[in-house]
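Observations on the model geometry
Given next are the chains, with one letter for each unit.
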Amino acid sequence: MKKKNLIVIAGPTGIGKTSIGIRLAKYFKSEILSADSRQIYKEMEIGTARPDKTELSQVKHHLVGHVSIHEDYNVAKFENEALPIIENSSDNIIFMVGGTGLFIDAVLYGLDEFPIVSEKTRMYVRSEFEKKGILWLQEQIKSQDTTYYDFVDLNNPQRLMRALEICLTAGKPYSAFRKGIKKERNFNVIKILINESRAALYEKINNRVMFMLEKGWLEEAKKLHPQRYLNALNTVGYKELFEVIDKKLSLALAIEKIRRNTRRYAKRQITWFNNGENYICFDPYDVAGIISYIENSLKNQK
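So, how was this worked out
The written sequence of each chain sets the order in which its residues are numbered from 1. Thresholds applied to this predicted model are a pLDDT of at least 70 for local features of residues and 80 or more for the giving and counting of side-chain atom pairs; totals over whole chains, interfaces and linings are not thresholded and use all residues. Excluded from the side-chain calculation are hydrogens and water; included are all heavy atoms of the structure. Burial here depends on accessible area, computed with a 1.4 Å probe over protein chains only, as a share of the maximum for the residue type. Under 20% is buried, over 50% is exposed, and the range in between is partly exposed. Under the scheme used here, helices are H or I runs from DSSP no shorter than 4 residues and strands are E runs no shorter than 2 residues, and both carry numbers assigned from the N terminus. A pair of strands is labelled paired if DSSP reports no fewer than 2 bridges between them. The criterion for an aromatic pair is that two Phe, Tyr or Trp rings (for Trp, the six-membered ring) have centres within 6.5 Å, with stacked assigned to planes under 30 degrees apart, edge-to-face to planes over 60 apart and tilted to the rest. Consider the ring centre and the ring normal. A charge sits over the ring if Lys NZ or Arg CZ is within 6 Å of that centre and within 35 degrees of that normal. Criterion for a salt bridge: a side-chain nitrogen of Lys or Arg within 4 Å of a carboxyl oxygen of Asp or Glu. Whether a crossover is right-handed comes down to one check: with the strands pointing away from the viewer, does the path from the first strand over the helix to the second run clockwise; if it does, it is right-handed. For the purposes of this section, nonpolar cores are sets of buried Ala, Val, Leu, Ile, Met, Phe, Trp, Tyr and Cys residues that join through side-chain atoms within 4.5 Å. Contact between two residues is taken to exist if any of their heavy atoms lie within 4.5 Å; hydrogens are not considered.

The next subject is the pairing of strand β5 (residues 187–194). Of all the eight residues making up β5, six are buried; the element is thus mostly covered by neighbouring parts of the structure. Examined bridge by bridge, strand β1 (residues 4–10) and β5 share seven bridges and lie parallel to one another. Pairing of Asn 5 across the sheet is with Asn 188, part of β5. Across three bridges, β5 lies against strand β6 (residues 280–282) in parallel orientation.

Below you can see the structure in the form of structure tokens.
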């Protein structure tokens, strides 16, 4: 049986992956598998820059807004959901579009094998986090595993706690376990990284924050405020707006914090993908070049 072709469109937040992915999927008469760890949540539409109804109507999308913030979701569940979508697709070409490197790598290579963490260690890490907060977690990861610290989402406590549990259990860095044997996949892979100059990207991020606020992001945050302690909502943007709602921060200062923290997150995403294998980099405005590259790559696989 002829292998399918999975085309990865990766890149930092705010770069324009959604619109590029839709243009490519329409051109190749294909569909999109989203690889975004926040756009999966149905209650978080504006603050995650999730594709809107018009965008979703143009191309078939998978794993967008299909999980509740109350559900426990992780990379293993994403892998288990994504692989059957690729396998059962009637299209020969499928686009995986997103910026969550861990999700993308799980689909491409499978998850690494980690040591079993004892309940005692797990409870210790969670207890310390609840007492000392996310800054404690960040400091622990920086001390235990500087490699992972450089590209992990530092605002994701679940990911930080998991990494720290492994460090404490094994007595060596979590990143040391992320180089396991790659699993065989029954599809060809073409990997494309969308990126541009730091200044241009940061300007986009700054403008997008204002655009999302104009669309009603603060009002969305107010609706979600009662559930603010859920892990899904412990993310850039919502955290700062919750502080505005709690009158701990002015909106103007919150905007600056969101912009700064989003820029930092984008920088970590770029680090992740630059450390990956065989990504071909394109400017976000060079869609014609991306199409040409994909067509040539597909010809070479025949």
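Here we come to the packing of aromatic side chains. Under the definition given, this model contains 12 aromatic pairs. When the centroid spacing of 4.7 Å and the interplanar angle of 65° are considered together, the rings of Tyr 148 and Tyr 174 count as edge-to-face. Of the two residues, Tyr 148 is situated in helix α7 (residues 146–149) and Tyr 174 in the loop between α8 (157–170) and β5; the sequence distance between them amounts to 26 residues. Tyr 148 sits in the buried class, given a relative accessible area of 1%. Judged by its relative accessible area of 6%, Tyr 174 is buried. Considering the side-chain rings of Phe 273 and Tyr 279, the 5.5 Å spacing of their centres and the 70° angle between planes classify their relative orientation as edge-to-face. Through successive ring pairs, a cluster of aromatic residues spans Tyr 148, Phe 151, Tyr 174 and Trp 272. The ring centre of Tyr 202 lies 5.8 Å from the NZ or CZ of Arg 263, which sits over that ring.

Applying the stated criterion to the full structure yields 11 salt bridges. Here Glu 119 ties to Arg 122 by a salt bridge, and the two come within 3.8 Å at their closest N and O atoms. Taken together, the residues span about one helical turn, with Glu 119 and Arg 122 both in helix α5 (residues 119–132) at a distance of three residues. Where salt bridges share partners, they join Glu 119, Arg 122 and Glu 165 into one cluster.

Further remarks concern unusual backbone geometry. Although it is not a glycine, Lys 29 sits at a positive phi angle of roughly 55°. Checked against the element boundaries, Lys 29 lands in the loop between α1 (17–27) and β2 (31–34). With relative accessibility at 69%, the residue Lys 29 sits in the exposed group. A positive phi angle, near 60°, is found at Leu 63, a position not held by glycine. As for its position among the elements, Leu 63 is in the loop between β3 (61–62) and α3 (75–88).

Of the two faces of β2, the one carrying Glu 31 and Leu 33 and the one carrying Ile 32 and Ser 34 are both buried. In this structure, β2 lies alongside β3, joined through two bridges in parallel fashion. From the neighbouring strand, Leu 33 faces β3, where its bridge partner is His 62. In this view, the connection linking β2 to its parallel neighbour β3 by way of helix α2 (residues 53–58) has right-handed handedness.

Quick look at the sheet that holds β2 now. The strand order β3-β2-β4-β1-β5-β6 describes an open sheet built from six strands, whose pairing is parallel. Because the sheet does not close on itself, it has two edges, and the strands there are β3 and β6. Pairing geometry for β1 and strand β4 (residues 93–98), over six bridges, is parallel. Residue pairing for β4: Leu 6 is matched across the bridge by Ile 94.

Here we come to the nonpolar core. Counting residues in hydrophobic clusters, the biggest one holds 65 residues, and the most contacted among them are Met 96, Ile 104 and Trp 217. Among the elements that line this core, the one with the most residues is helix α4 (residues 101–109), at seven residues. The residues touching Ile 104, leaving out its near neighbours within four places in the chain, are Val 8, Ala 10, Ala 35, Met 96, Gly 98, Phe 273 and Tyr 279. Within the second largest apolar cluster, 26 residues are counted, among which are Ile 9, Ile 32, Val 59 and Ile 192.

Moving on, we get to the side chain of Arg 185. As for its position among the elements, Arg 185 is in the loop between α8 and β5. Judged by relative accessible area, which is 15%, Arg 185 ranks as buried. Once residues within four sequence positions are removed from consideration, Arg 185 is found in contact with Lys 3, Glu 79, Leu 83, Ala 106, Val 107, Leu 108, Tyr 109 and Gly 110.

The next thing to look at is the environment of Glu 295. Relative to the helices and strands, Glu 295 resides in helix α13 (residues 287–300). On a C-alpha basis, the gap between Glu 295 and Phe 28 in space is 9.5 Å, while along the polypeptide they are 267 residues apart. In contact with Glu 295, not counting residues within four places along its chain, are Tyr 27 and Phe 28.

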